[in-house]
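Tertiary structure, described
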Amino acid sequence: MKFDLTPLAEKPTRRYRKGSKYDPILDSFMEGEADLVEVSIEGKETNYIRTQLNKRIEARAVEDVKVSVINNVVYLEKI
């Protein structure tokens with residue numbers, strides 16, 4: 001078994017990410033003129049995308065956008 005131990009004076013502070021990688025999707029949709037769009041992200045499952053977008057909508061207190069999944073396709077809709 002190979003391992004390394006490196007002495008440190010103190011633990012580094014945790015870095016927090018500002019925003020989310022899903023924020024640009026919401027921003028583009030809200031700035032755009034379409035009332036209904038299909039969202040697809042390479043390598044991500046539809047229910048995962050829905051969950052992440054819903055979390056961002058809730059965190060940002062956006063009330064006029066709805067996420068839904070129909071026939072394994074994610075949709076963003078302005079309400």
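Residues numbered from 1 in each chain as written. Predicted model: local features only at pLDDT ≥ 70, side-chain atom pairs only at ≥ 80, totals over all residues. Heavy atoms only, no water.

Along its length, the chain carries two helices and three strands. For the chain, the N- to C-terminal ordering of α and β elements is α-β-α-β-β. For a compact globule of 79 residues, the expected C-alpha radius of gyration is about 12 Å, and the chain comes in at 19 Å, more than 25% above that figure. Counting all 79 residues of the chain, 23% fall into the buried class. Taking all contacts inside the chain whose residues are at least 6 apart in sequence as the whole, residues at least 24 apart take part in 55%. (Helix = DSSP H or I, 4+ residues; strand = E, 2+ residues; numbered from the N terminus. Rg over C-alpha atoms; globule rule 2.2 N^0.38 Å. Buried < 20%, exposed > 50% of the residue type's maximum accessible area, 1.4 Å probe, protein only. Contact = heavy atoms within 4.5 Å.)

This paragraph deals with the nonpolar core. If you look at the biggest cluster of nonpolar residues, it comprises 12 residues: Y22, L26, F29, V39, I49, L53, I57, V62, V65, V67, V74 and L76. The element contributing the most residues to this core is helix α2 (residues 46–59), with three residues. Once residues lying within four places of it in the same chain are set aside, the contact partners of I57 are L26, V62, V65 and V67. (Core = buried A, V, L, I, M, F, W, Y, C linked by side-chain atoms within 4.5 Å.)

Along the chain, the position of Q52 falls in helix α2. Judged by relative accessible area, which is 17%, Q52 ranks as buried. Distance in space between the C-alpha atoms of Q52 and E77 is 15 Å, their sequence separation being 25 residues.

It is worth spelling out helix α1 (residues 23–31) at this point. Burial in α1 covers these residues: D23, L26 and F29. Down the axis, α1 shows its buried residues gathered within 135 degrees of arc, on one side only. Exposed and facing more than 90 degrees away from the buried side of α1 are S28 and E31. Packed against the buried residues of α1 are β1 (36–39), α2, β2 (65–70) and β3 (73–78). (Arc of directions from axis to C-beta.)

The next subject is the packing of aromatic side chains. Taken as a whole and assessed by the stated rule, the structure comprises zero aromatic pairs. If you follow K78 out to its NZ or CZ, it ends over the ring of F29, 5.2 Å from the centre. (Phe/Tyr/Trp six-rings, centres within 6.5 Å; stacked < 30°, edge-to-face > 60°. Lys NZ or Arg CZ within 6 Å of the ring centre and 35° of its normal.)

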